[in-house]
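# Structural overview
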Amino acid sequence: MTKGRGGKRDNAGRKPLGDETLSSTIIARVTPEQKETFKANGGGQWLRCALTNLKESRQSIPAWAQAVMPVHHAAVPLFEYSVQAGFPSPAESYKETLDFNDLLIENAPATFVLRVSGQSMIDAGMCDGDLMVVDRSRTPKNNDIVVMQIDNDYTVKRFIKTSDGFYLKAENASGLYPDIYPKEGEQWMLFGVVNYVIKPMTSTRVA
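Going along each chain's sequence as written, the residues are numbered from 1 onward. Totals for whole chains, interfaces and linings use every residue, but because this is a predicted model, local features are given only for residues with pLDDT of at least 70 and side-chain atom pairs only at 80 or more, for both listing and counting. By convention in this description, side-chain values take in all heavy atoms of the structure and omit both hydrogens and water.

## Structural notes on the pairing of strand E9 (residues 188–198)
Two strands pair when backbone bridges link them, and strand E5 (residues 131–135) and E9 are joined in this way by five bridges, in the antiparallel orientation. Bridged to Leu131 within E9 is Ile198. Strand pairing is assigned whenever DSSP detects at least two bridges linking the two strands. Strands here are runs of E lasting at least two residues and helices are runs of H or I lasting at least four, both read from the DSSP assignment and numbered beginning at the N terminus. Where strand E6 (residues 145–150) and E9 come together, five bridges link them in antiparallel fashion. By the bridge assignment, Val146 is partnered in E9 with Val193.

## With respect to the environment of Gln187
For Gln187, the position within the fold is in the loop between strand E8 (165–169) and E9. Under the relative-accessibility criterion, Gln187 is labelled exposed at 61%. Separated by 36 residues in sequence, Gln187 and Asp151 have C-alpha atoms that sit 4.9 Å apart. Setting aside its immediate chain neighbours within four residues, Gln187 contacts Gln149, Ile150 and Asp151. Any residue under 20% of the maximum accessible area for its type is buried, any over 50% is exposed, and the rest in between are partly exposed; the area is computed with a 1.4 Å probe on protein chains only. Note on contacts: a residue pair qualifies if any of its non-hydrogen atoms lie within 4.5 Å across the two residues.

Next comes the structure, spelled out in structure tokens:
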């Protein structure tokens, strides 16, 4: 055997990331397109950073926010013609199917479901007890409905951008809910943008 060859070398193997030693391995099956995306973004280092950022973002999530974890598809018939709100028309054969996961969830790791509390957004069709599908990865645009954390409280309101900044606007014609503007000393943090609202139309309550 050549001198200096063979055996374990000092400092060999994978290097620690920060204060943590890389000692675990993940094996996952991906599509060819996903593999190319993985490689293009930096491979393992990119994945480790993404997982670290996800962990840190989830630490700010309140206990009452329910994460969305789609484990199966729920495809139902999607009819070709719309239903008129007047005289009924004969039922038509459905053209395709619609999966609720694909409809409601754009970014599963960043999607959460929260329940509406109160009457401040009833004119936007959001009533007490309705379920909000909230995407934490979206950046709000003008007139989006958002969930905002103000200090230790959460509120859902319409996001209004102005030349001076932004404010939150209620959707209730009663006038009982004034606009909310950032005040000095307050801590504001966007929880997410509301993509959909799920509401019951019968006496059966949404779970």
